[in-house]
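One letter stands for each residue in the lines below.
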Amino acid sequence: MWSIIKALIITFRHAFRQRVTIQYPEEKPYLAPRWRGRIILSRDPDGGERCVACYLCSAVCPVQCIALQATEDASGRRYPEFFRINFSRCIFCGECEEACPTCAIQLTPDFEMSEYERKNLVYEKEHLLISGCGKYPGYNFYRQAGLAIKGKGKGEGDQESPPVDVLSLLP
Amino acid sequence: MRMMIGQLSVIFGVLIAALTAAAFLIWLERRLLALWQDRYGPNRAGPFGLLQVPADMIKIFFKEDWIPPFADRQLFVAAPAIITITVLLSFAVVPFAPGIAVISPDLGLLFFLGMSSLAVYSVALAGISSNNKYSLIGALRALAQLLSYEVFMGLSLMGVVMLAGSFNLNKIVEAQRHLWFVIPQFPGFILFFIAGIAETHRLPFDLPEAESELSAGFHCEYSGMKFGMFFVGEYLSITLISAMTATFFFGGWQGPLLPPVIWFALKTFAFICLFILIRASLPRPRYDQLLAFAWKLLLPLALLNVLITAAIVLALER
Amino acid sequence: MSILFIIAALVAVVAALMVISRRSVIHALIYLIISFLAVAMTFFLLGAPFVAIMEIIIYAGAILVLFLFVVMMLNIGRPAIDQEKQWMAPQGMIAPIIMVVILLGELGYYLLIINRTYKTSAHTVTAHEVGQSLFGPYLLAVELVSFLFLAGIFAAYHLSRLEVDTDGHGEEQ
């Protein structure tokens, strides 16, 4: 009997507590920097696309929501001809970000992407590409990948050593 | 003719007041539950979320009203009407203020008991006509529960009747001019309120519905406005039990300064809040506990209360 | 008032006829409830509101609920309804119909020819008077009935009690 009354009193006292509800549209919730939200494609510090169209993100995606087509420019640099993410399928698991060897695909703390039409949830490359570097400023894959592209020969990059001449006998 | 118009206005006033109160109870309950659970509740539609009620009403009116093909059609349709009608009929005897009541029969209290005992059929028929095992179990539970709690709901009021010397609700209110019956009849008040919660099958006695075990119990096949009728019936009966508690034990419309109707509304409102507070804080008992509680504890207590009250009344008369 | 009485009485009779002619037990029970409500109405019009309310509370509100409870416990499906249909065959109904007609005739004869002095709402019997007569002239009957109920309660308890195991387990409600 006493416990019942005590329960009533405790419940009643909750009327004067701090509310836990966040009034969402007016009051934004805190999102951690590593929060997995809308997916973007980032660029090099010098403005080129980071994505090299290796298909790793598409292969690892558990719901097969990423579609892309690789192509090359005149200097042999690979880039995606199109890059399409179907956000009505995406589960925001972040596997693509982990799989990406060039830090191109990244998840951002943004979730406000509701649409009235489902087909508007299919994002093309121009919707995905941002102008900055995202979470990894200053990282440039082709500067350290050891590949020859326009403006840089083999072994001329930041952390690259000149290529070894395997036919030579010198150490 | 003037009498007639007065009578009609009272009838419609009571109907509209009761139905509006029941409709806004939905909002009130959600807001209060939220308040006691550290939330806000519906606060978007209109000021304080008050327009939530019309929104919900519009929604429920336009929902598909589906009758399952395996159901017993006639009973299925009749069941939700029964609870609303019986509860609204009970409102006929509620004395809102001196002279403001639809009827004031000499056996008003018994009329209220009779109507609340007929309300059982709503639940029972809903459960049995749905032809669904969850509904059937819900209806079985409801029957046993309502029957058990009805017994001492009547008995708990007998003390009040003895003190007032009448079944007439107006006379019962008049008899509390000097002393509210909650003081001499405190056990009666507790018993009546518990029985009232069980009769309206609200938490913690909502075993007929028990959404966690029986999906929705007796009304799990109902949709659209038929479900809405059950809902309205439930909120109407909460209002009714609160109004009756105020009438029987807390002096009805009596009170200083404010007009009687306001006093009556305030007291009723307080008990409605108590209903919701109880819902917010108490868990549901097991079914055998519920029935054992009724027959082994509350019924003997009610009988004892009747006995002692009768003895004291007789001793004082002598 | 008299027209109201006749309507209520007609409803009671028709509902009673429906009770015995329905194949589904539930529907029969519903008509029985309606019949009781109509009878309560007639009591009310005859000036016995207390009895009318008691009819509603006890018969319609409690006893028939128990009936309904039992019906819900039994699994009555198609076969039972078919069996009922068989029992409802016209040749089986002749004898009961004859007897009911004879009874009705007698009742009508009594009401219309011999005793024409029935009145509606000549005098309202209050709860006070009911109590006075129950605990005055009919005290012995009341006591006897209460003994009967007590015996009934004990018998029901005895019948529904499960055997308690020797080791004290298995006690069920």
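**Observations regarding the arrangement of the chains**
Point 1. With 2 pairs of chains in contact, the largest contact count belongs to chains B and C.
Point 2. Separated throughout, chain A and chain C approach each other most closely at a C-alpha pair spaced 24 Å apart.

**Details of the sheet that holds strand 2 (residues 66-72) of chain A**
Across a sheet, paired strands are connected by hydrogen bonds in the backbone, their directions being either parallel or antiparallel.
All names here are of chain A.
Point 1. If you trace the 3 strands from one edge of the open sheet to the other, you get 2-3-5, paired in antiparallel fashion. The outermost strands of the open sheet, each flanked by one partner alone, are strand 2 and strand 5 (122-123).
Point 2. Note: strand 2 against strand 3 (residues 78-86), 7 bridges, orientation antiparallel. Bridge pairing links Ala70 to Pro80 in strand 3.

**A short note on unusual backbone geometry**
Point 1. Here the phi dihedral of Phe92 of chain A falls at roughly 55°; this positive angle occurs in a residue that is not glycine.
Point 2. A residue is classified by how much of its surface remains accessible, and Phe92 of chain A, at 23% relative accessible area, is partly exposed.
Point 3. Despite not being glycine, His201 of chain B shows a phi value in the positive range, around 35°.
Point 4. By the element assignment, His201 of chain B lies in the loop between helix 7 (186-199) and helix 8 (211-214).

**Some words on the interface of chain C and chain B**
Point 1. Counting from both sides, the interface comprises 23 residues of chain C and, opposite them, 25 residues of chain B.
Point 2. With both sides pooled, the region where chain C packs onto chain B buries about 2000 Å², and carbon together with sulfur makes up 83% of that total.
Point 3. Counting every contact that joins chain C to chain B gives 0 salt bridges.
Point 4. Taken together, chain C and chain B are joined by 1 residue pair in polar contact (both at pLDDT 80 or more).
Point 5. Sorting the residues of the side of chain C that touches chain B by element identifies helix 2 (25-45) and helix 3 (49-73) of chain C as the ones contributing at least two each.
Point 6. Per-element accounting of the side of chain C that touches chain B gives the leading share, 16 residues, to helix 3 of chain C.
Point 7. Among the residues forming the side of chain C that touches chain B, the class breakdown is 20 nonpolar, 3 polar and no charged.

**Observations concerning the packing of helix 5 (residues 133-164) of chain B against helix 3 of chain C**
Point 1. At a minimum axis distance of 10 Å, the contact between helix 5 of chain B and helix 3 of chain C shows a crossing angle of 155°. One element, helix 5 of chain B, and the other, helix 3 of chain C, form an angle in the roughly antiparallel class. Between helix 5 of chain B and helix 3 of chain C lies a crossing whose hand is left-handed. For the pair helix 5 of chain B and helix 3 of chain C, the contacting residues are Leu136, Ala139, Leu140, Leu143, Ala144, Leu147 and Glu150 of chain B in the first and Gly61, Ala62, Val65, Leu66, Leu68, Phe69, Met72 and Met73 of chain C in the second.
Point 2. Here the contact of helix 5 of chain B with helix 3 of chain C is composed, by residue class, of 13 nonpolar, 1 polar and 1 charged.

Thresholds, definitions, all that
Residues numbered from 1 in each chain as written. Chains lettered and ligands numbered in written order. Predicted model: local features only at pLDDT ≥ 70, side-chain atom pairs only at ≥ 80, totals over all residues. Heavy atoms only, no water. Contact = heavy atoms within 4.5 Å. Pairing = 2+ DSSP bridges. Helix = DSSP H or I, 4+ residues; strand = E, 2+ residues; numbered from the N terminus. Buried < 20%, exposed > 50% of the residue type's maximum accessible area, 1.4 Å probe, protein only. Buried area = accessible area lost by both parts, 1.4 Å probe. Salt bridge = Lys/Arg side-chain N within 4 Å of Asp/Glu carboxyl O. Polar contact = N/O pair within 3.5 Å; in protein donor to acceptor, adjacent residues only side chain to side chain. Nonpolar A, V, L, I, M, F, W, Y, C, P; charged D, E, K, R; others polar. Axes fitted to C-alpha atoms, helices over the stretch in contact; angles between N-to-C directions. Parallel < 35°, antiparallel > 145°, perpendicular 65-115°, else oblique. Left-handed = near helix turned anticlockwise from the far one by under 90°.

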